[in-house]
Amino acid sequence: MLRQLKKKLPGAIAFLLIASATGSGSASAQSIDSSQEGIDDYRQMLSDGGNPGDLLVDTGKELWLEKKGPKNVSLQACDLGLGPGVVKGAYARMPRFFKDADKVMDAETRIMYCMQTLQGINPKDITPTVFSKSGDISTDWEAIVAYVANESAGIAMAAPQSHAAEKAAYERGQKIFFHRSGPYDFSCATCHGAADKRIRLQNLPDLLNAKDAQQAYTTWPGYRVSQGVVRTMQWRLQDCFRQQRLPKLKFASQASIDLLTFLAVRAKEGKMAAPGIKR
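Residues numbered from 1 in each chain as written. Predicted model: local features only at pLDDT ≥ 70, side-chain atom pairs only at ≥ 80, totals over all residues. Heavy atoms only, no water.

A. Layout of the overall build of the protein chain. Each helix and strand in the protein chain was counted, giving 12 helices and seven strands. Within the protein chain, the proportion of its 279 residues that are buried is 46%. Taking as baseline every contact in the protein chain between residues at least 6 positions apart, the subset at least 24 positions apart corresponds to 65%. With the model as given, the accessible surface of the protein chain reaches about 14300 Å², and the carbon-plus-sulfur share is 53%. (Helix = DSSP H or I, 4+ residues; strand = E, 2+ residues; numbered from the N terminus. Buried < 20%, exposed > 50% of the residue type's maximum accessible area, 1.4 Å probe, protein only. Contact = heavy atoms within 4.5 Å. Areas by Shrake-Rupley, 256 points an atom, 1.4 Å probe, with all protein chains shown as cover.)

Structure follows, in structure tokens:
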């Protein structure tokens, strides 16, 4: 019976079922590697035309074109760095310095800025509802960000570093990445600064390695199978801070933008493939 299940099910699911059926809670290095292969196979199956995140991209496009806010206008005139109304390829070239805001912004910060300036929506009304809870449907915010990111699919990351403010953001982001604090004395680099690390069955990308950084960054936003929703990069950073038991990282804060700038530059030349499939 177990042998038949193993043949029919993706490796990751079969591994969990077999471990449960045999009552075995431990796993050898070989079985862990095998389960990781199964997880990779499962992700591949979903990405081949079965990624639920793709449906959210369509919703995001509709929301982008929908007239909203006190000014009753759409986001079509939003300038994401390549000119008003140009969405194609914009995500792959952020974070970047925006002259009109006089600061470096990542994609989510810039979208919020456009909602405020174009639609007249108060950012304080946006931030409390940007992220869905586990088990809920994805929020309008997550849909819009997924759409914007997907418009850069296949385009190489090229977050600029030509402006002094962009260079300063990178430097601050690098310091945040290596800064140790909290009850565990962790930093981002504790988990993501060396090869061959994992948490349970999850391989951890070495973000100081170009290939790992490219693969990790370009697949966010990503559909989280375990939560059933699309998550954005701002959410990913917040959750990492939570896992380190650090104070909550404020959405669209300077620290979040700086850290994203560092990560985006590390992912240079990686081709965008969002929304990706995440555990």
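B. Structural view of the sheet that holds strand β7 (residues 276-278). In space, the three strands of this open sheet follow the order β6-β5-β7, with mixed pairing throughout. A strand with exactly one partner marks an edge of an open sheet, and here the two such strands are β6 (229-231) and β7. Within the sheet, the average angular offset between the axes of one strand and its neighbour, ignoring direction, is 35°. Taken together, the three bridges between strand β5 (residues 222-224) and β6 define a ladder with antiparallel strand orientation. Across the sheet, the residue bridging to G222 is R231, located in β6. (Pairing = 2+ DSSP bridges. Axes fitted to C-alpha atoms, helices over the stretch in contact; angles between N-to-C directions.)

C. Fine view of the state of the cysteines. Taken as a whole and assessed by the stated rule, the structure comprises one disulfide. The residue that forms a disulfide with C78 is C114, at a sulfur-sulfur distance of 2.1 Å. Disulfide C78 to C114: torsion about the S-S bond roughly 75°, handedness right-handed. Placement of C78 in the loop between α4 (53-65) and β1 (96-98) and of C114 in helix α5 (residues 107-119) is noted, with a sequence separation of 36 residues between them. On the basis of relative accessible area, C78 is assigned to the buried category, the value being 1%. (Disulfide = S-S within 2.5 Å.)

D. Highlighting the packing of α5 against helix α7 (residues 140-150). Remark: α5 packs on α7, axes separated minimally by 11 Å, with the N-to-C direction vectors making an angle of 115°. If you check the angle between α5 and α7, you find them roughly perpendicular. Every pair of crossing elements has a handedness; the one defined by α5 and α7 is right-handed. The segment α5 lies against α7, with E108, I111, M112 and M115 engaging W141, I144, V145 and V148. Per-class residue counts for the contact of α5 with α7 are seven nonpolar, no polar and one charged. (Parallel < 35°, antiparallel > 145°, perpendicular 65-115°, else oblique. Left-handed = near helix turned anticlockwise from the far one by under 90°. Nonpolar A, V, L, I, M, F, W, Y, C, P; charged D, E, K, R; others polar.)

E. Region of the structure containing the pattern of salt bridges. Taken as a whole, this structure holds six salt bridges when the rule is applied. Salt-bridge contacts for D100 lead to R110; the nearest nitrogen and oxygen are separated by 2.7 Å. Residue D100 is located in the loop between β1 and β2 (103-105), and its partner R110 is located in helix α5; the two are separated by 10 residues in the primary sequence. Owing to a relative accessible area of 48%, D100 belongs among the partly exposed residues under this scheme. (Salt bridge = Lys/Arg side-chain N within 4 Å of Asp/Glu carboxyl O.)

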